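Structural overview for review
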Amino acid sequence: GFYPTTLLEHAIAITAVAFVVETWRSRGRLTWRTPFTIPALLFILAGAISVLAAPSRAAGLGLYRAYIIEPVLFAFVLLQCVTTARRALLVLAGFGVAGIAVGLPNAVVVLEALGSHTYNVLQTPPVVIYITANALALFLGPLIAVAAALLLHRSDRYVRIASAVFLFVAVP
């Protein structure tokens, strides 16, 4: 294409297009007034200013798209679609499965490195899917927080068990 993209960006674009088509077909109304609207708009504005101040506008624009526009767009679609607690739990379950899918292989690689005495804490830790260990932590951190909150405060036994299983896999 005319600019570099990733599979994730294609998935976000397909999700946004499907959302627009389904909203148009059902003649649904969008909810613009949420507690997140003004902070999101300020975040988008601050990001746009940072692109103008970046040493490389092309690189700044790519980061702006990847770290600001796409997450805000995805969050907006989620806020429109997740209207019940059941739907929210379904989305969280999907994120939990994704967290296990990226965390478990990484844990295996780290444990193998520890078992073969090749793990060196002074060097970059071994990773499987992401390029850095920080990316895995940035992905799993919020999921661990939500799972811990559900484990402690949710009354539904199955949700608590699922949260405990996720935490058992994700935390070590």
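Residues numbered from 1 in each chain as written. Predicted model: local features only at pLDDT ≥ 70, side-chain atom pairs only at ≥ 80, totals over all residues. Heavy atoms only, no water.

On to unusual backbone geometry, then. Look at Arg27: it is not a glycine, yet its phi comes out positive at around 55 degrees. In this structure, Arg27 sits in the loop between α1 (7–25) and α2 (37–53). Taking relative accessible area as the criterion, Arg27 reaches 70% and is therefore assigned exposed. A positive phi angle, near 60 degrees, is found at His117, a position not held by glycine. In this fold, His117 is placed in the loop between α4 (85–115) and α5 (133–153). (Helix = DSSP H or I, 4+ residues; strand = E, 2+ residues; numbered from the N terminus. Buried < 20%, exposed > 50% of the residue type's maximum accessible area, 1.4 Å probe, protein only.)

What follows concerns the packing of α1 against helix α3 (residues 57–81). In contact at an axis separation of 10 Å, α1 and α3 are set at 35 degrees when each is read in the N-to-C sense. Seen along the crossing, α1 lies across α3 with a hand that is left-handed. Residues Glu9, Ile12, Thr15, Ala16 and Phe19 of α1 form the contact with α3, whose own contacting residues are Arg65, Ala66, Glu70, Leu73, Phe74, Phe76, Val77, Gln80 and Cys81. Of the residues belonging to the contact of α1 with α3, the class tally is nine nonpolar, two polar and three charged. (Axes fitted to C-alpha atoms, helices over the stretch in contact; angles between N-to-C directions. Left-handed = near helix turned anticlockwise from the far one by under 90°. Contact = heavy atoms within 4.5 Å. Nonpolar A, V, L, I, M, F, W, Y, C, P; charged D, E, K, R; others polar.)

Together, Ile38, Leu42, Leu45 and Ile49 make up a nonpolar patch on the protein surface, roughly 420 Å² of accessible area in all. Tracing the sequence through the fold places Leu45 in helix α2. (Patch = residues over 30% accessible without salt bridge, like charges linked within 9 Å, V, L, I, M, F, W, Y side chains within 5 Å. Areas by Shrake-Rupley, 256 points an atom, 1.4 Å probe, with all protein chains shown as cover. Salt bridge = Lys/Arg side-chain N within 4 Å of Asp/Glu carboxyl O.)

With that settled, the discussion passes to the nonpolar core. Counting residues in hydrophobic clusters, the biggest one holds eight residues: Val102, Leu136, Leu140, Leu143, Ala147, Phe166, Leu167 and Ala170. Listing elements by their share of this core, those giving two or more residues are α5 and α6 (157–170). Setting aside chain neighbours within four positions, we find Leu143 in contact with Phe95, Gly99 and Phe166. (Core = buried A, V, L, I, M, F, W, Y, C linked by side-chain atoms within 4.5 Å.)

Position of Ser50 relative to the elements: it lies in helix α2. On the accessibility criterion, Ser50 (41% relative accessible area) is partly exposed. Here the alpha-carbon distance between Ser50 and Gly60, two residues 10 residues apart in the chain, equals 7.5 Å. Polar side-chain contacts of Ser50 include one of 2.6 Å to the backbone oxygen of Gly47. (Polar contact = N/O pair within 3.5 Å; in protein donor to acceptor, adjacent residues only side chain to side chain.)

Looking now at α3. Under the 1.5 Å per step criterion, the end-to-end length of α3 is 34 Å for 25 residues, consistent within 8% with the ideal 36 Å. At Arg65, α3 shows its largest kink, close to 40 degrees. Gly60, Tyr64, Ile68, Glu70, Val77 and Gln80 are the residues of α3 that are buried. Against α1 and α2 lie the buried residues of α3. (Expected span 1.5 Å × (residues − 1). Bend = angle between axes of the 7 residues up to and from the residue.)

Here the focus is the side chain of Ser163. Among the structural elements, Ser163 can be located in helix α6. For Ser163, the contacting residues outside a window of four places in its chain are Ala147, Leu150 and Leu151.

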